[in-house]
Amino acid sequence: KAKAKAKAKSKEYDYSGLEKGMQCSAFSEAEGKFFPAEIVVVSTGKGKASAPVKIHWVGYTNASDEWVGGDAMKCKGLKLKTKEGASAAGGMPAAARRLLLVKPKV
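Described in the following lines is the structure provided in the data block.

Cut-off values and rules
- Residues numbered from 1 in each chain as written.
- Predicted model: local features only at pLDDT ≥ 70, side-chain atom pairs only at ≥ 80, totals over all residues.
- Heavy atoms only, no water.
- Helix = DSSP H or I, 4+ residues; strand = E, 2+ residues; numbered from the N terminus.
- Buried < 20%, exposed > 50% of the residue type's maximum accessible area, 1.4 Å probe, protein only.
- Lys, Arg positive; Asp, Glu negative; His and termini not counted.
- Salt bridge = Lys/Arg side-chain N within 4 Å of Asp/Glu carboxyl O.
- Polar contact = N/O pair within 3.5 Å; in protein donor to acceptor, adjacent residues only side chain to side chain.
- Contact = heavy atoms within 4.5 Å.
- Pairing = 2+ DSSP bridges.
- Core = buried A, V, L, I, M, F, W, Y, C linked by side-chain atoms within 4.5 Å.
- Phe/Tyr/Trp six-rings, centres within 6.5 Å; stacked < 30°, edge-to-face > 60°.
- Lys NZ or Arg CZ within 6 Å of the ring centre and 35° of its normal.

### Remarks on the side chain of Asp65
With respect to the helices and strands, the residue Asp65 is situated in the loop between strand S4 (53–57) and strand S5 (66–68). Lys54 provides the closest opposite charge to the buried, salt-bridge-free Asp65, at an N-O distance of 4.9 Å. Engagement of the side chain of Asp65 in a polar contact is seen with the side chain of His56, the distance being 2.7 Å. With residues near it in sequence (within four places) discarded, Asp65 still touches Val40, Lys54, Ile55, His56 and Trp57.

Following this line, the structure appears as structure tokens:
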């Protein structure tokens, strides 16, 4: 039962904003902290669904490159997936949110 809850709470990431050569920070499990990294490739295949981003640790050789998931990255292009037609903040549809942001003409 605990495993089912853990899977339900796992975050889904949108990797479409990530590109080759983009600078980011990635979490090193060996050191237990974030280090500078560069994106080498973003996989779209189902085989790499849990860790679809290959990163290169800045200042290290290519032999240390590794595949990581969104939970181990800090990058401007990395976003959380949201439900269709809803935003992460409040769950209001985009069309309704646009209407609220319109300033009245006086």
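### Quick notes on the sheet that holds strand S2 (residues 23–28)
One open sheet accounts for 5 strands, arranged S5-S4-S3-S2-S6; its pairing is antiparallel. Edge positions in the open sheet fall to S5 and strand S6 (73–74), since each of these has one partner strand only.

### Points about the nonpolar core
Grouped together as the largest cluster of nonpolar side chains are 15 residues, with contacts concentrated most on Leu18, Ile39, Val53, Ile55, Met73, Cys75 and Leu78. Counting only elements with at least two residues in this core, the list comes to S2, strand S3 (33–42) and S4. Ranked by the residues each element gives to this core, the list is headed by S4, at 3 residues. Beyond its immediate chain neighbours, meaning those up to four positions away, Val53 contacts Tyr15, Leu18, Ile39, Val41, Glu66, Trp67, Val68 and Met73.

### Side note on the environment of Lys54
For Lys54, the location among the structural elements is in strand S4. For the pair Lys54 and Val41, spaced 13 residues apart in the sequence, the C-alpha separation amounts to 5.3 Å. Those residues in contact with Lys54, other than ones at most four positions away along the chain, are Glu38, Ile39, Val40, Val41, Asp65, Glu66 and Trp67.

### A closer look at the packing of aromatic side chains
Here the structure, examined in full by the defined rule, presents 2 aromatic pairs. Judged by centre distance (6.3 Å) and plane angle (45°), the ring pair of Tyr13 and Tyr15 falls under tilted. With respect to class, Tyr13 is no different from Tyr15; both count as buried. Note on Phe27 and Phe34: the rings are 5.3 Å apart at their centroids and 65° apart in plane angle, and the pair reads as edge-to-face. On the basis of relative accessible area, Phe34 is assigned to the partly exposed category, the value being 32%. The positively charged end of Lys74 is found above the aromatic ring belonging to Phe34, 4.2 Å away from the centroid.

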